[in-house]
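Each chain, letter by letter, is given below.
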Amino acid sequence: MTVFAIETATRQIEGFDRSRMVIRTFFDEATFTASHVVHDPASRLAAIIDPVLDYDPSSGRTSHGSADAVVDHIRNNDLTVDWLLETHAHADHLTAAPYLQEKVGGKIAIGHLITTVQGVFAKLFNTGDDFRHDGSQFDRLFEDGDQFNIGSVPVIALHVPGHTPADLAYVVGDSVFVGDTLFMPDYGTARCDFPGGDAQALYQSVRRILSLPDHTRLFMCHDYMAEGRDYYAWESTVAEEREHNIHVHQGVTEKEFVAMRTTRDRTLDMPRLILPSVQVNMRAGFFPEAEDNGTRYLKIPLDVL
Ligand SMILES: [Fe+2]
């Protein structure tokens, strides 16, 4: 990880006029996922971040209600999609990136260490030769500090490992789409017990994000409506997280955080959709090849997770 990336991000955030971008969030209550669409009103170019494909685990049926709401937003606002950005290979929902790519275009991107995640899951699902774990299913793999644009809005990719080894946060204009590094201050942080997860790395990643300017807006990928709150929320600031985040507010040491995270992770059930999600998301959201009867299948490894 480079210091350079954070310095560049800080300069970008401080110099950015907030009126130069529009953010619209779509919240999926079935998986508690916040998908975000960012666009540049000048060029009408857009990026879709962490879109959801609806999936019913009892029937194995996919559907497109959530993704179509995003498509409507794109079309109603006359936007051109440049990017379909994933913060990581999600374990709790399937990504709708390929469906959206077909409907509205855009390049699918994720962190370059997705290859590590793919390697782990290729082994777990015994995928054989039909699945290459070289990241080639994605159109673009970003490394820490990589810069690109959504129209005239500048973006920097930050590598923020911990929840998975490949997690990215996207610094877009004056805002950071943090993926599963942070949640709202009253809910804390993401678990680190999936294959390749690392609580110590997550602590360092969070500290890195929280070293950005106080007023930096942070957009979450999830909200589980913490106790005492009766509405979903997905936006905070660096200052709010630094002061109030129940797991990593200023003053919590790495040792304390790792002990808390490890203890808490032992009590958590596996996410309801982890098996279908991971198999689809490691393929950038594309489904496995159909078998000779024309049907596509996902696998369920017994007694492994
Ligand atoms: Fe996640």
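Residues numbered from 1 in each chain as written. Predicted model: local features only at pLDDT ≥ 70, side-chain atom pairs only at ≥ 80, totals over all residues.

Per an unreviewed UniProt entry, the protein is named Glyoxylase, beta-lactamase superfamily II, and its organism is Parasphingorhabdus marina DSM 22363.

An α-helical turn contains 3.6 residues, so any two residues separated by three or four positions project in the same direction. For helix H5 (residues 199–209), the tally of buried residues reaches 8 of 11 residues, placing the bulk of the element in the interior. Within H5, the full set of buried residues consists of Ala199, Ala201, Leu202, Tyr203, Ser205, Val206, Arg208 and Ile209. (Buried ≥ 20, exposed ≤ 12 C-beta atoms within 10 Å, placed from the backbone. Helix = DSSP H or I, 4+ residues; strand = E, 2+ residues; numbered from the N terminus.)

To continue, consider the sheet that holds strand E10 (residues 147–150). One open sheet holds the 6 strands; their spatial order is E10-E11-E12-E13-E14-E15, and the pairing between them is mixed. Across the chains shown, the open sheet's two edge strands, defined by having one partner strand only, are E10 and strand E15 (235–237). The sheet shows a mean angle of 30 degrees between the axes of neighbouring strands, direction not considered. Relative to strand E12 (residues 168–172), strand E11 (residues 153–159) runs antiparallel, the two being bridged by 5 bridges. Bridging across to E12, Val155 finds its partner in Val172. Its contacts with the sheet put helix H1 (residues 3–14) on E11 and E12, and the angle it makes with E11 is roughly 150 degrees. (Pairing = 2+ DSSP bridges. Axes fitted to C-alpha atoms, helices over the stretch in contact; angles between N-to-C directions. Contact = placed C-beta atoms within 7 Å.)

Now for the packing of H5 against helix H7 (residues 254–266). Across the interface, H5 lies against H7 with an axial gap of 9 Å and an inter-helix angle of 125 degrees. When the interaxial angle is binned, H5 and H7 end up oblique. You can see that H5 and H7 cross each other, and the crossing is right-handed. Facing H5, whose interface residues are Ala199, Gln200 and Tyr203, H7 presents Glu254, Phe257, Val258, Arg261 and Thr262. Taken together, the residues of the contact of H5 with H7 break down into 4 nonpolar, 2 polar and 2 charged. (Parallel < 35°, antiparallel > 145°, perpendicular 65-115°, else oblique. Left-handed = near helix turned anticlockwise from the far one by under 90°. Nonpolar A, V, L, I, M, F, W, Y, C, P; charged D, E, K, R; others polar.)

Following the UniProt record, the feature "domain: Metallo-beta-lactamase" (unreviewed entry) maps to residues 32–222 here. Helix makes up 22% of residues 32–222 and strand 32%, and the two end C-alpha atoms of the span are 6 Å apart. (UniProt positions renumbered as here; feature names shortened; annotations may be inferred.)

Turning to the nonpolar core, a few remarks are in order. Judged by nonpolar contacts, the single largest core of 83 residues is most densely connected at Ala46, Ala169, Tyr170, Val171 and Met220. Here the element with the most residues in this core is H5; it accounts for 6 residues. Non-local contacts of Ala46, meaning those with residues more than four positions away in its chain, are made with Val37, Val38, His39, Ile74, Leu79, Thr80, Val81, Asp82 and Ile150. (Core = buried A, V, L, I, M, F, W, Y, C linked by C-beta atoms within 7 Å.)

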